[in-house]
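Given next are the chains, with one letter for each unit.
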Amino acid sequence: MKNDVFGQNTSLIHTDYEAPAGFVAFPDAIHHASTVVFKDLASMRARSWQNKDAYTYGLHGTPTSFSLEAQVAAIEGGKHCVLTPSGLAAISLVNMAFLKSGDDILVPDNAYGPNKEQGAWLQRSFGIQVRFYDPLIGAGISDLIQANTRLIWAEAPGSVTMEVPDIPAIVRAAHAKAVLVALDNTWSAGLAFKAFEHGIDISIQALTKYQSGGSDVLMGAVITKDAELNSKILDAHMRIGFGVGMDDVYLVLRGLPTLKMRFDAHDKAAREVATWLKTRPEIAQVLHPAWEDCPGHAHWKRDFSGAGGLFSVLFDAKLSEAQTDRFVESLKLFKIGFSWGGSHSLCVPYRIETMRNHWKGEGILVRFNIGLEDAQDLIADIAQALALMHPR
Ligand SMILES: *Cc1c(COP(=O)(O)O)cnc(C)c1O
């Protein structure tokens, strides 16, 4: 095409520059697209948005998102991955892909709050029965499975109260009755718990957390090993129209090479902080899966290879909420905020009795996300804030 035969507008749109082939660099290129151009009608007519060896439309992916999907699936030993605009959207996608009105699902009652709220909404508005179960129920879940039960959600551990479920026992009971098990595996980043080695059918990740690591991106992923399950997820993805922006995809890709090193650094610092907290009289219980006081610790020890930066503590019940609020607000390095997996330390207080039905006891729980600061500085910060809790 010769540019000089066209008017100014046409030549601005139909440029004839082609970059030379052979460019090699480490980063994935950022391929933006809504329209994908087919080379001829035959390839347009043969298109399938389920086929990840070819491209159909930006909503279904570009080389940038296909690359992230392949890498995220590989991290936890899956084969297929579908990206979603947030971690919560990954949960929605699984529910939409596998449920219809009249079905029943089981959700652990310590699950990520918005997952439970979505369950209540599915029940109110979509005729899906949702029941919440004790996360430590293990093989006993078999008794809860009904003829219309389609899906069991699990979260390992619950990301506030930290109970570690017996995933293999839940999976065995579910599979004996042909029920799917979906796991919110965000806490382990897919590194410390290999979902598919433990029989999980569908794993979801909030890539917002460790995979991004920057506290700047919202993204989710639905990962499977089974092609048929993946095909149902892709069907739902197509119908709902969950797309992701390629600049965001790039930001997550950029975090992946350091994922394991960051996760291990969070893990090491979190254990140092938790060890120190254990010595403090203000703390009744350290809810860190690597500690024996954490419900389900034996399951963590058997099934997990690490712990990352997220854990909670239960304050002595004699301390008032006003005192624990003062503690949280006196922290300087720890900021008040949701989410985790970034380099900044965070904390959030929760009233334990509002968290879940099966919890025995009361008091204030504070959840810590240990960032990448030096552990000794974080401990000193907590020490000065604890000192300010007590009336002078
Ligand atoms: C953050 C989080 C999600 C949701 O991720 P968003 O990207 O914030 O929507 C889901 N599950 C768990 C366990 C989470 O921590």
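So, here is what we can say about the structure in this document. Just so you know, these numbers come straight off a predicted model, no measurement behind them. (Residues numbered from 1 in each chain as written. Predicted model: local features only at pLDDT ≥ 70, side-chain atom pairs only at ≥ 80, totals over all residues. Heavy atoms only, no water.)

With that settled, consider the sheet that holds strand E8 (residues 283-287). Where strands meet in a sheet, backbone hydrogen bonds hold them as pairs that are either parallel or antiparallel. What the 5 strands build is an open sheet, ordered E8-E9-E12-E11-E10; its pairing is mixed. Edge strands, defined here as strands with exactly one partner in the open sheet, are E8 and strand E10 (335-336). In the sheet, E8 pairs with strand E9 (residues 310-315) via 4 bridges, with the strands oriented antiparallel. By the bridge assignment for E9, Ile283 is matched with Phe315. Its contacts with the sheet put helix H11 (residues 321-330) on E9, E10, strand E11 (346-351) and strand E12 (364-369), and the angle it makes with E12 is roughly 15 degrees. (Pairing = 2+ DSSP bridges. Helix = DSSP H or I, 4+ residues; strand = E, 2+ residues; numbered from the N terminus. Contact = heavy atoms within 4.5 Å. Axes fitted to C-alpha atoms, helices over the stretch in contact; angles between N-to-C directions.)

Next up on the list: the side chain of Asn369. By the element assignment, Asn369 lies in strand E12. Overall, the relative accessible area of 1% leaves Asn369 in the buried class. A polar atom in the side chain of Asn369 sits 3.1 Å from the backbone oxygen of His344. Not counting residues up to four positions away in its chain, the partners in contact with Asn369 are Gly309, Leu310, Phe334, Ser339, Trp340, Gly341, Gly342, His344, Ser345 and Leu346. (Buried < 20%, exposed > 50% of the residue type's maximum accessible area, 1.4 Å probe, protein only. Polar contact = N/O pair within 3.5 Å; in protein donor to acceptor, adjacent residues only side chain to side chain.)

In this section: the site of the ligand. The environment of the ligand is formed by 13 residues, the closest being Gly87, Leu88, Asp184, Thr208 and Lys209. Here Gly87 contributes a backbone N or O atom positioned 2.7 Å from an oxygen atom of the ligand. In the model, an oxygen atom of the ligand is placed 3.4 Å from a nitrogen or oxygen of the Trp340 side chain. In isolation the ligand exposes 380 Å². Once the protein is present, 91% of that is buried. Taken together, the residues that form the shell around the ligand break down as 5 nonpolar, 5 polar and 3 charged. (Near = heavy atom within 4 Å. Areas by Shrake-Rupley, 256 points an atom, 1.4 Å probe, with all protein chains shown as cover. Nonpolar A, V, L, I, M, F, W, Y, C, P; charged D, E, K, R; others polar.)

Here we take up the pattern of salt bridges. Following the criterion strictly, the structure yields 13 salt bridges and no others. We note a salt bridge from Asp166 to Arg302, for which the minimum N-O separation is 2.7 Å. Of the two residues, Asp166 sits in the loop between strand E4 (149-155) and helix H6 (167-176) while Arg302 sits in helix H10 (residues 297-303), which places them 136 residues apart along the sequence. Arg302 sits in the partly exposed class, given a relative accessible area of 48%. Each of Lys100, Asp103 and Arg150 takes part in salt bridges that share partners, so that together they form one network. (Salt bridge = Lys/Arg side-chain N within 4 Å of Asp/Glu carboxyl O.)

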